Amino acid sequence: MRRSIIIIALCLFAVLPIIAQGQNKRKGSFNYDEFRKKMELFITEEAGLSPEDAQKFFPIFREMKEKQMKLGHKIKKLKKDPLDDDDDDDDDDDDDKDEDEWAEAVIEIEEIKVKQAQIGETYIKRLCKIISGEKVFKALKAEDTFHRQILKNFRKEDR
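Being a predicted model, the structure only gives us computed values, none of them experimental.

Peer 1: Quick rundown of the overall build of the protein? Include the residues and the values.
Peer 2: Each helix and strand counted, the protein has 5 helices and 0 strands in total. Counting only residues that meet the buried cut, the protein has 21% of its 159 residues in that class. Of the roughly 12900 Å² of accessible surface on the protein, 54% is carried by carbon and sulfur atoms.

So, in structure tokens, the structure goes:
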């Protein structure tokens, strides 16, 4: 009896890491192309884009999002390591230059956010020239809805 319990326990300890690894791969992997396809399908349906509208809309929309995403990565990097300094001095009595560097980092982040908004404005104007403003508005609203739904689903899975 004791021997069979030990064998079952060993089997469980051998199988559990494999099962856990499979779950981590499923949860941890992110396929951007699949995400983008789902988002574009959702936007197309929600905004009522015809196939012709979608064919005109999405290349410009993707280009806009790509440029904004690159700037978003810069913001993320600045927030992670704003001073990008190899100096490991953690003295409380740092000079004013360090304070100036922190201020510059904050200002740079805000300037990047402005650039993101400017890119958005430029591309939205382009999009409104190729399809109706109403459809552009509905498409942007659908994108927001899609992202909210993804986050909501993600939170549910996390529980």
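Peer 1: Tell me about the pattern of salt bridges, and name the residues and values.
Peer 2: Enumeration over the complete set of coordinates arrives at 12 salt bridges. Glutamate 66 is paired through a salt bridge with lysine 70; the nearest N and O atoms lie 3.9 Å apart. Residue glutamate 66 and its partner lysine 70 are both found in helix α3 (residues 51–80); the two are separated by 4 residues, about one turn of the helix. Among the ionic pairs, glutamate 121 bridges to lysine 125, the shortest N-O distance being 3.3 Å. Here lysine 125 and glutamate 121 lie together in helix α4 (residues 96–130), a separation of 4 residues that amounts to about one turn. Residues joined by salt bridges that share partners form a network here, namely Asp33, Arg36, Glu40 and Arg62.

Peer 1: I'd like a description of a negative patch on the surface, backed by residues and values.
Peer 2: Residues Glu99, Asp100, Glu104, Glu108 and Glu111 make up a contiguous surface patch of negative charge. Taking the relative accessible area as the measure of exposure, glutamate 111 reaches 47% and is therefore partly exposed.

Peer 1: Let's hear about the side chain of aspartate 53: which residues, and what values?
Peer 2: With respect to the element layout, aspartate 53 can be found in helix α3. Among the residues examined, aspartate 53 registers a relative accessible area of 11% and is labelled buried. With sequence-adjacent residues up to four places away left out, aspartate 53 is seen in contact with Ile131 and Lys135.

Peer 1: Talk me through the packing of aromatic side chains; I want residue IDs and the actual numbers.
Peer 2: The tally for this structure, following the rule as stated, stands at 7 aromatic pairs. Aromatic pair phenylalanine 58 and phenylalanine 61: ring centres 6.1 Å apart, planes at 90°, arrangement edge-to-face. Taken as a pair, phenylalanine 58 and phenylalanine 61 lie in helix α3 at a separation of 3 residues, close to a single helical turn. Residues phenylalanine 58 and phenylalanine 61 agree in their burial class; the two are buried. Ring pairs connect the aromatic residues Phe30, Tyr32, Phe35, Phe42 and Phe146, which therefore count as one cluster.

Peer 1: Quick rundown of helix α2 (residues 32–47)? Include the residues and the values.
Peer 2: Compared with an ideal rise of 1.5 Å per residue, which puts 16 residues at 22 Å, α2 spans 22 Å between its outermost C-alpha atoms and is within 8% of the ideal. The inward-facing, buried residues of α2 contact α3 and α5 (133–158). A side-chain oxygen of the first residue of α2 lies 3.1 Å from the backbone nitrogen of aspartate 33; this N-cap is asparagine 31. Backbone geometry just after α2 places glycine 48 at a positive phi near 70°.

Peer 1: Quick rundown of the nonpolar core? Include the residues and the values.
Peer 2: Within the largest apolar cluster, 25 residues are counted, with the highest numbers of intra-cluster contacts made by Met39, Ile43, Leu49, Phe57, Phe58 and Phe61. In this structure, phenylalanine 61 is in contact with Met39, Ile43, Leu127, Leu140 and Glu143, ignoring residues within four places of it in sequence.

Peer 1: A description of the environment of isoleucine 75 should follow, citing residues and the corresponding values.
Peer 2: Structurally, isoleucine 75 is set in helix α3. Overall, the relative accessible area of 9% leaves isoleucine 75 in the buried class. For the pair isoleucine 75 and glutamate 110, spaced 35 residues apart in sequence, the C-alpha separation works out to 8.7 Å. Apart from residues lying up to four places away in sequence, isoleucine 75 is in contact with Ile109, Ile112, Lys113 and Gln116.

Analysis parameters
Residues numbered from 1 in each chain as written. Predicted model: local features only at pLDDT ≥ 70, side-chain atom pairs only at ≥ 80, totals over all residues. Heavy atoms only, no water. Helix = DSSP H or I, 4+ residues; strand = E, 2+ residues; numbered from the N terminus. Buried < 20%, exposed > 50% of the residue type's maximum accessible area, 1.4 Å probe, protein only. Areas by Shrake-Rupley, 256 points an atom, 1.4 Å probe, with all protein chains shown as cover. Salt bridge = Lys/Arg side-chain N within 4 Å of Asp/Glu carboxyl O. Patch = residues over 30% accessible without salt bridge, like charges linked within 9 Å, V, L, I, M, F, W, Y side chains within 5 Å. Lys, Arg positive; Asp, Glu negative; His and termini not counted. Charge placed at Lys NZ, Arg CZ, Asp CG, Glu CD. Contact = heavy atoms within 4.5 Å. Phe/Tyr/Trp six-rings, centres within 6.5 Å; stacked < 30°, edge-to-face > 60°. Expected span 1.5 Å × (residues − 1). Polar contact = N/O pair within 3.5 Å; in protein donor to acceptor, adjacent residues only side chain to side chain. Core = buried A, V, L, I, M, F, W, Y, C linked by side-chain atoms within 4.5 Å.

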